[in-house]
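Okay, here's what each chain looks like letter by letter:
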Amino acid sequence: MPVRLRMAMHGRRHNRIFHLVAINQRTRRDAKPMELLGIYDPALKLGDTHKTVKWSVDRIKYWLGVGALPSKSVVKLLERGGVLPPDSKYHPKVSGPKFGTESSKDSSSGSTSSSEMTSATS
């Protein structure tokens, strides 16, 4: 059973809170989780200067250790909180061009055709 660490949305409209949960990846977003790992409240209360995050770092590290994959939003939140380093294996990597081999073939054939075109126009 593949396990994901992801956010479950709760609360009324314009007053949402998010639960950080360990859950089977094939279930719906707000289904009953295996374990509640933390609560993220993005709304600022009167007089507060920071958003509220309460979590169990030990349990998060346990789930990551047994192979649970965090979602992109959870990776961002854990990196901001210092639970994951910024260069962790869960951080999405920036890849090069998708069709690198085809572009190199096109550039070699394209250079000969462009030189023919310049000589024809001169």
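Data block above holds the structure.
Thresholds applied
- Residues numbered from 1 in each chain as written.
- Predicted model: local features only at pLDDT ≥ 70, side-chain atom pairs only at ≥ 80, totals over all residues.
- Heavy atoms only, no water.
- Helix = DSSP H or I, 4+ residues; strand = E, 2+ residues; numbered from the N terminus.
- Buried < 20%, exposed > 50% of the residue type's maximum accessible area, 1.4 Å probe, protein only.
- Contact = heavy atoms within 4.5 Å.
- Areas by Shrake-Rupley, 256 points an atom, 1.4 Å probe, with all protein chains shown as cover.
- Salt bridge = Lys/Arg side-chain N within 4 Å of Asp/Glu carboxyl O.
- Phe/Tyr/Trp six-rings, centres within 6.5 Å; stacked < 30°, edge-to-face > 60°.

Asks: Tell me about the overall build of the protein chain, and name the residues and values.
Replies: Helices and strands together make up the secondary structure of the protein chain, namely three helices and five strands. Its helices and strands taken in sequence order, the protein chain reads β-β-β-β-α-β-α-α from the N to the C terminus. When burial is assessed residue by residue, the protein chain has 26% of its 122 residues classed as buried. Taking contacts inside the protein chain between residues at least 6 apart in sequence as the whole, the part at least 24 apart equals 32%. Carbon and sulfur atoms make up 55% of the accessible area of the protein chain, which amounts to about 9,100 Å² in all.

Asks: Lay out the pattern of salt bridges in plain terms, naming residues and giving numbers.
Replies: Two side chains that carry opposite charge are able to pair once their charged atoms sit near each other. A full pass over the atoms with the stated rule returns three salt bridges. Of the charged contacts in the structure, one is a salt bridge between Arg29 and Asp30, with a shortest N-O distance of 3.0 Å.

Asks: Explain unusual backbone geometry to me, using residue names and the numbers behind them.
Replies: Backbone phi values are negative for most residues with the exception of glycine, while trans is the configuration of most peptide bonds. At His14, a residue that is not glycine, the phi angle is positive and equals roughly 70 degrees. With relative accessibility at 74%, the residue His14 sits in the exposed group.

Asks: So what's going on with helix α2 (residues 72–81)? Which residues, and what values?
Replies: The set of residues buried in α2 consists of Val74, Val75, Leu77, Leu78 and Glu79. Where α2 is buried, its residues meet β1 (3–12), β2 (15–24), β3 (35–41), β4 (52–55), α1 (57–65) and β5 (69–70). Positive backbone phi, approximately 85 degrees, marks Gly82, located one or two places after α2.

Asks: I'd love a proper account of the packing of aromatic side chains, names of residues and values included.
Replies: Here the structure, examined in full by the defined rule, presents two aromatic pairs. Judged by centre distance (5.5 Å) and plane angle (75 degrees), the rings of Tyr62 and Trp63 are edge-to-face.

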